[in-house]
Each structure stands twice: as structure tokens, then as C-alpha cells.
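A structural walkthrough
Now for the letters of each chain:
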Amino acid sequence: MEALVCEKLGDPATAIGEGSPIVLRKNHPVPPLDSPTAVRVRVKATSLNFANYLQVLGKYQEKPPLPFIPGSDYAGVVDAVGSGVSLFKVRDHVCSFAALGSFAQFIVADQSELYLVPKECDLVAAAALPVAFGTSHIALVHRAQLGPGQVLLVLGAAGGVGLSAVQIGKIRGAIVIAVARGEEKIQLLRSMGVDHVVDSTKEGVTVSVKNFLKSRKLKGVDVLYDPVGGKLTKESLKLLNWGAQILVIGFASGEIPLIPANIALVKNWTVHGLYWGSYKIHRPPVLEDSLKELLSWMARGLITIHISHTYSLSEAGLAFAAIKERKAIGKVMITIDDASHSRSKL
């Protein structure tokens, strides 16, 4: 099978070839069914997340031994099942996520780790669902318990997790404020019904949000959703209400912010660290319920997966570059065994 293999650590945002840390192997062994309950999936599409980029760089919190096949969330068609599999059959459409391995034509998972994709759902869209929407769903619904009328501030709102947070915020009845960079991203967020959008390249976040809050006679932000970190976090803390909740999602800016404990004490803030992947180990029922609800929402048209760029395995360097250079508006996808995939405009 074809598989994208990371043979050394380094920046993958370059053309695959000499000097690149990733290599496209044309004859990589097809993974065998390794247990009676194993299922082999022919991958239709796999999502590229910022965590995948960090992992190849060697800067992610989990550092697998070399060589490894990167990847995380994916969707595809069941190709083979073990003798003990009772939940799926060959040709079923499924989606899932893995610590590694989805940047390949085939991947093997236990049946307990797979989710049946409703017939109303597109497989490429389903491949973009688990990590981005799963992160936002557990953060906003399970942890912050976001409710109607609360004010949600989403930083990095035009990225994969940002767009998912915006949509889930609206489903939960919140007043959603989104921060992004650039006119195209701003227009997309406005088209999604966001209550207030801030273009941080043109105006100060604090002033813009305060003016909006004043116009709505609102006291402040109740939930801060932060996948960015850095100076933007520091600025956003000035907008938080007494009793606000801070969701620490990631540090796309490359700078880990400091949240002053003395102010958190005085203002009764709650700080939630959210490492979505660890729910698979520590709270698997929460993760399962979350993804099932998200698939139901997608089948009913309540959420939309916005795919910004789509590439083949051989174009993986371009896909990583779209993530690195923040050119994506929504999700970056790699499609496999699909000659009709849409080439990026990069």
C-alpha cells in the first residue's frame, strides 16, 4: 500500500524528496488483522491537524519512535473484519481517530474504536470531524457546560477547531464572538451567524469586544475558547466576567501564555486544560457519546465541515505548509484513492 512515513524529525512543510522528514512509500506492508475484533479500513480521507505538524517536528507532547506513519482522524470503508467482529461488516462506512497511522491506504483498529458514519454524511467530511469537533464538543458541552445566553469568545476562530467551536456555540444558544485574521475568514464567520467578528489585523480585540458587549448591555465574556495562546490570551483575559471559564485548547501562536493565579482567585475563574486525546484513556464513554452526538448533528445538517484544502498523499508537503502558514480556513484534508480530489489553490 501507499503510506506516508516519517523517517526523521524536521519540518514537513516542503516537497517530499531529498531532505524532507517524510517519505511516500509505494510498497509499505498492508497492516494485518491483529486480533479477532480487529477491523481493517480502506482510508478514504484523513485530516491534517496542527498536532500532526508538531509531531513530525518533534515538538508534540507525545513523541513516537521513528519511523512512524503520522495521522489522526480518518474515514473510510471497511475492507476486512476479524472473526469476532459483530458491530461492522465489509463495505460499512466508518470513521475514527488514531494516535498514528492514518496517512496510509489502510489502517487497522479494534471495532470498539470505530463509529458508523450515517448514510447522509459525506466520508471526507466525516474524516474531518473527530479531532476538531470532538475537541470543541467536549470542551464546550462537557467541561464548560456552555448554555443559552452565555457569551463565548473564540480565538483563532477560522481554523479547524475554531470553526467547530463557533458552530457548537450557536447550537448551544450562546452569544458568539469570534476573532480571526483577514477579510476572507471574517466573511465566512459572518455568514455562519456569528454575533460579533473581530479582524485582529485591523482593530484591537479588547476595544472591539468591549464596544460590542456595551451595545448588547452585557457585562463580559463567560467562556474563553483559546487554541492560540500568546499575547492574544493576555489581551482576552481583560474581557472575562467574574466566574468565567477558560478553555486551554492549544498554542498555535507558539507562545504559552501565563494566566495569573491571583486574578483567577479574585475573579473566581475556572481554567480547564483540554487534551482531547487523553479522553480515550481516562474517559472513553464521554468520548464515545460526544462523537455519536456529533455524527447525529452532521447527519441532521446542524453542523457543517468547512474544508479549505484537499491534497493527495504525494502532496503532503503542501498540506503541511497550509497548516504551518495558516492559509487554511477550516480543515486541511488528504484524500486517498481519489483521482478527483480538488487541488489546493496555493
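What you are looking at is a predicted structure, and each value in this text was computed from that prediction instead of being measured.

Regarding a positive patch on the surface
- Taken together, the side chains of Lys 210, Lys 231, Lys 234, Lys 238 and Lys 267 make up a positively charged region of the molecular surface.
- As for its placement among the helices and strands, Lys 234 is situated in helix α7 (residues 230-236).

Focus: the packing of aromatic side chains
- Here the structure, examined in full by the defined rule, presents 4 aromatic pairs.
- Pairing Tyr 53 with Phe 320 gives two aromatic rings, centres 6.4 Å apart and planes at 40 degrees, and the pair type is tilted. A residue pair is termed long-range when its members are at least 10 positions apart, and Tyr 53 in helix α1 (residues 50-57) and Phe 320 in helix α11 (residues 316-324) qualify at 267 residues. In terms of burial, Tyr 53 and Phe 320 fall into one category: buried.
- These aromatic residues form a ring-pair network of at least three members: Phe 50, Tyr 53, Phe 103 and Phe 320.
- Its end group placed over the ring of Phe 106, Arg 40 keeps NZ or CZ at 6.0 Å from the ring centre.

A word on empty space enclosed by the protein
- Overall, the coordinates contain 1 cavity of 30 Å³ or more when judged by the stated rule.
- In terms of lining, the largest cavity is formed by Phe 133, Gly 160, Leu 163, Ser 164, Gln 167, Thr 304, Ile 305, His 306, Gly 330 and Lys 331.
- Of the residues belonging to the lining of the largest cavity, the class tally is 3 nonpolar, 6 polar and 1 charged.

What to know about the UniProt feature "domain: Enoyl reductase (ER)" (unreviewed entry) in the chain
- Feature annotation in UniProt places "domain: Enoyl reductase (ER)" (unreviewed entry) on residues 19-334, given in this structure's numbering.
- Split by type, residues 19-334 is 32% helix and 25% strand. Its first and last C-alpha atoms lie 22 Å apart.

Considerations on the nonpolar core
- Ranked by internal contacts, the top residues of the largest apolar core, which has 56 residues, are Leu 140, Leu 152, Leu 189, Tyr 225 and Met 298.
- Among the nonpolar cores identified, the runner-up in size contains 40 residues, and Phe 103, Leu 114, Ala 328 and Val 332 belong to it.

Re the packing of helix α3 (residues 130-143) against helix α10 (residues 284-299)
- Closest axis-to-axis distance for the α3/α10 pair is 10 Å, and the angle between their directions is 110 degrees. By the criterion of interaxial angle, the relationship of α3 to α10 is roughly perpendicular. The interaxial crossing formed by α3 with α10 has right-handed handedness. Between α3 and α10, the contacting residues are Pro 130, Phe 133, Gly 134, His 137, Ile 138 and His 142 on the first element and Val 286, Leu 287, Ser 290, Leu 291, Glu 293, Leu 294 and Trp 297 on the second.
- Across the contact of α3 with α10, the residue classes break down as 8 nonpolar, 4 polar and 1 charged.

A closer look at the pairing of strand β1 (residues 3-6)
- Both faces of β1 are covered, namely the face carrying Ala 3 and Val 5 and the face carrying Leu 4 and Cys 6.
- Pairing analysis gives 4 bridges linking β1 to strand β2 (residues 22-25), with the strands arranged antiparallel. Note that in β2 the partner of Val 5 across the bridge is Val 23.

Rules and cut-offs
Residues numbered from 1 in each chain as written. Predicted model: local features only at pLDDT ≥ 70, side-chain atom pairs only at ≥ 80, totals over all residues. Heavy atoms only, no water. Patch = residues over 30% accessible without salt bridge, like charges linked within 9 Å, V, L, I, M, F, W, Y side chains within 5 Å. Areas by Shrake-Rupley, 256 points an atom, 1.4 Å probe, with all protein chains shown as cover. Salt bridge = Lys/Arg side-chain N within 4 Å of Asp/Glu carboxyl O. Lys, Arg positive; Asp, Glu negative; His and termini not counted. Charge placed at Lys NZ, Arg CZ, Asp CG, Glu CD. Helix = DSSP H or I, 4+ residues; strand = E, 2+ residues; numbered from the N terminus. Phe/Tyr/Trp six-rings, centres within 6.5 Å; stacked < 30°, edge-to-face > 60°. Buried < 20%, exposed > 50% of the residue type's maximum accessible area, 1.4 Å probe, protein only. Lys NZ or Arg CZ within 6 Å of the ring centre and 35° of its normal. 1 Å grid on protein atoms, 1.4 Å probe; cavity = no way out; pocket = protein on both sides within 12 Å on 5 of 7 lines; lining within 4 Å. Points joined across faces, edges and corners; volume = space filled by probe spheres on them. Nonpolar A, V, L, I, M, F, W, Y, C, P; charged D, E, K, R; others polar. UniProt positions renumbered as here; feature names shortened; annotations may be inferred. Core = buried A, V, L, I, M, F, W, Y, C linked by side-chain atoms within 4.5 Å. Axes fitted to C-alpha atoms, helices over the stretch in contact; angles between N-to-C directions. Parallel < 35°, antiparallel > 145°, perpendicular 65-115°, else oblique. Left-handed = near helix turned anticlockwise from the far one by under 90°. Contact = heavy atoms within 4.5 Å. Pairing = 2+ DSSP bridges.

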